[in-house]
Amino acid sequence: MNTPRSHYDIASQVFHWLTAMAVLTAFILGPEHFGRAMRQGMDPATHWDIVLHESLGLLAMALSVLRLVWWVLRPAKPRFDMPDWMQKASQATHGLLWVLLLAVPLSALLALGGKGHPLTLLGGLRIDDMPWITHSALVELTDWGDMHSLLGDAILWLSGLHAVAAIFHHFVLKDGVLRSMLPARKKAN
Ligand code: HEM
Ligand code: HEM
């Protein structure tokens, strides 16, 4: 019989921490009110913080897509004994984080494409027209700039709550939940 795992596999750990860093940095470096500045005709390529925000955000999306593929293929994740409500709360939080990891960048693409603003990325990469978005019926549904800002705030609040829960597991419940997302220590002989 296989012994239950105490740690996530290394690929899941790398995906988790790279994505967390990309999302947090994109948020922190997200310049305030730059949607309005773009609507007033400012070229986003002339602002390094906008270029970095968009590049890190798209990196987070690309990592999340690859991570979802790995999620299907990977070895079983570690399991811990905890009350049913805690198990369900953790699953619901992870599920919502997954949705937001894709919805935040997608809403940004709808905001840019819908208003005809360019996508500006590191290395001078630039996409001026996204006709498949501009002419999509989806752009009419809502103000995607406002929606993106709202979802961007939501992912930060939820991941903050998720981090507090992980720290609570570590220091109060003293189980192995937080350690499961960190590299396993080598056992002494
Ligand atoms: C997952 C990572 C991301 C997070 C956490 C995030 C977060 C945010 C937040 C909180 C704002 C509001 C800033 C303010 O006005 O005070 C914002 C605005 C914006 N972000 Fe992101 N963002 C992410 C990814 C992206 C990506 C991938 C793009 C481009 C493809 C992008 C483009 C924009 C644009 C254009 C605005 C201005 C929206 C408007 O006011 O019309 N963001 N972002
Ligand atoms: C933007 C920031 C973050 C996002 C989007 C995020 C997202 C996620 C997701 C989707 C999972 C499920 C992983 C899987 O099934 O492969 C997860 C697990 C986990 N995260 Fe995060 N996370 C973030 C930040 C953090 C931080 C700052 C900590 C620690 C302080 C942390 C600790 C953990 C732990 C311990 C697990 C495993 C929990 C379990 O299996 O019950 N995360 N995270």
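Since we're looking at a predicted model, the values are computed, not measured.

Peer 1: Explain the overall build of the chain here, please?
Peer 2: Tallying secondary structure elements over the chain gives 6 helices and 2 strands in all. Across the 189 residues of the chain, 38% fall into the buried class. In the chain, once contacts between residues fewer than 6 apart in sequence are set aside, the share between residues at least 24 apart is 75%. Of the accessible surface of the chain, which amounts to about 12,300 Å², a share of 68% is contributed by carbon and sulfur atoms. Put simply, the chain has 15 plus and 14 minus side-chain charges, and the middle of one group is 16 Å from the middle of the other.

Peer 1: I keep staring at the coordination of the iron atom of ligand 1 and nothing clicks. Help me out?
Peer 2: Around a metal, the perfect tetrahedron of four donors has angles of 109.5 degrees, and the perfect octahedron of six donors has angles of 90 or 180 degrees. Protein-derived coordination of the iron atom of ligand 1 comes from H53 (NE2) and H148 (NE2), at a distance range of 2.0 Å. One can describe the donor arrangement at the iron atom of ligand 1 as octahedral, given that its 6 donor atoms subtend angles of 87 to 179° at the metal. Of the two residues, H53 sits in helix α3 (residues 48-73) while H148 sits in helix α6 (residues 144-173), which places them 95 residues apart along the sequence. For the pair H53 and H148, one class covers both residues: buried.

Peer 1: What should I look at first to understand the site of ligand 2 in this one?
Peer 2: Around ligand 2, the surrounding shell holds 21 residues, and the nearest of these are Y8, H16, R74, H162 and V177. Y8 places a polar side-chain atom, nitrogen or oxygen, 2.4 Å from an oxygen atom of ligand 2. In the environment of ligand 2, an oxygen atom lies 2.6 Å from a nitrogen or oxygen atom belonging to the side chain of R74. Among the cavities detected, the one that contains ligand 2 is the largest pocket. Mapped onto the shell around ligand 2, the elements with two or more residues apiece are α1 (10-28), α3, α4 (84-115) and α6. With 5 residues, α4 is the single largest residue contributor to the shell around ligand 2. Its residues assigned to classes, the shell around ligand 2 comprises 13 nonpolar, 5 polar and 3 charged.

Peer 1: What is the right way to read the site of ligand 1 from this model?
Peer 2: Taken together, 23 residues sit near ligand 1, with H33, F34, R39, H53 and H148 positioned nearest. At 3.2 Å, a side-chain N or O of R39 approaches an oxygen atom of ligand 1. H53 places a polar side-chain atom, nitrogen or oxygen, 2.8 Å from a nitrogen atom of ligand 1. Among the cavities detected, the one that contains ligand 1 is the second largest pocket. Listing elements by their share of the shell around ligand 1, those giving two or more residues are α2 (34-39), α3, α4 and α6. For the shell around ligand 1, the residue count by class is 11 nonpolar, 8 polar and 4 charged.

Peer 1: What should I look at first to understand the nonpolar core in this one?
Peer 2: It is characteristic of soluble globular proteins that their nonpolar side chains tend to be buried jointly. In terms of nonpolar packing, the biggest core is built from 15 residues, with M38, L109, L119, M130 and I133 touching the most fellow members. Residue contributions to this core peak at 4 residues, all from α4. Not counting residues up to four positions away in its chain, the partners in contact with I133 are L109, L110, G113, G114 and V139. Core analysis: the next-biggest nonpolar cluster, separate from the first, contains 11 residues, A22, L97, L100 and V104 among them.

Peer 1: Even after reading the chapter, I still don't get the packing of α1 against α6, so can you show me in this structure?
Peer 2: Axis angle and axis distance: for two packed helices, these are the angle between their axes and the distance between the axes, and together they describe the pair. Viewed as axis vectors pointing N to C, α1 and α6 meet at an angle of 130°, and their least axial separation amounts to 11 Å. Relative to α6, the element α1 is oriented oblique. In terms of crossing hand, the pair formed by α1 and α6 is left-handed. Within the contact between the two elements, α1 uses H16, V23, L24 and F27 and α6 uses G152, D153, I155, L156 and H162. A per-class count over the contact of α1 with α6 returns 5 nonpolar, 3 polar and 1 charged.

Parameters at a glance
- Residue numbers here run from 1 along each chain, matching the order of that chain's written sequence.
- Lettering for chains starts from A, numbering for ligands starts from 1, and both go in the order in which the items are written.
- Confidence filtering applies because this is a predicted model: local features only for residues at pLDDT of at least 70, side-chain atom pairs given and counted only at 80 or more, and all residues used for totals across whole chains, interfaces and linings.
- Side-chain calculation: all heavy atoms of the structure are included, whereas hydrogens and water are not.
- In DSSP terms, a helix is any run of H or I states spanning at least four residues, a strand is any run of E spanning at least two, and both are numbered starting from the N terminus.
- In this scheme, a residue with accessible area under 20% of its type's maximum is buried, one over 50% is exposed, and one in between is partly exposed, where area comes from a 1.4 Å probe on protein chains only.
- The contact criterion used is simple: two residues touch if any of their non-hydrogen atoms lie within 4.5 Å.
- Accessible surface area values rest on a Shrake-Rupley calculation with a 1.4 Å probe, where residue burial reflects the displayed protein chains alone.
- Positive charges come from Lys and Arg, negative ones from Asp and Glu, while His and the chain ends are left out of the count.
- Charge positions are represented by NZ for Lys, CZ for Arg, CG for Asp and CD for Glu.
- The donor set covers N, O and S atoms within 2.8 Å of the metal, switching to 3.2 Å for Na, K and Ca, and it leaves out water, so a site may look short of donors.
- All geometry calls rest on donor angles, where a four-donor set with angles between 85 and 135 degrees is tetrahedral, four- and six-donor sets with opposite donors more than 155 degrees apart and all others between 65 and 115 are square planar and octahedral, and all else is irregular.
- Put simply, a residue is near a molecule or strand once any heavy atom of it comes within 4 Å of that molecule or strand.
- Each polar contact in these results corresponds to two N or O atoms within 3.5 Å; when the atoms are within protein, one needs to be able to donate a hydrogen and the other to accept it, and residues that are neighboring in sequence are counted only if both atoms are side-chain atoms.
- Of the two site types, the cavity is a set of points on a 1 Å grid over the protein atoms alone where a 1.4 Å probe fits but cannot get out, and the pocket is an open set with protein on both sides within 12 Å along at least five of seven lines, each lined by residues with an atom within 4 Å of a point.
- In this scheme, a molecule is assigned to a cavity or pocket if more than half of its atoms are within 2 Å of the grid points.
- Amino acids outside the nonpolar list (Ala, Val, Leu, Ile, Met, Phe, Trp, Tyr, Cys, Pro) and the charged list (Asp, Glu, Lys, Arg) are all regarded as polar, and Gly is one of them.
- The definition of a nonpolar core used throughout is a set of buried Ala, Val, Leu, Ile, Met, Phe, Trp, Tyr and Cys residues joined through side-chain atoms within 4.5 Å.
- Under this scheme, a helix contributes an axis fitted over its contacting stretch, all axes are lines through C-alpha atoms, and angles between N-to-C directions fall in the 0 to 180 degree range.
- Oblique is the label for any angle not covered by the other classes, which are roughly parallel (under 35 degrees), roughly antiparallel (over 145) and roughly perpendicular (65 to 115).
- Left-handed describes a crossing in which the near helix is turned anticlockwise from the far one by less than a right angle; the clockwise case is right-handed.

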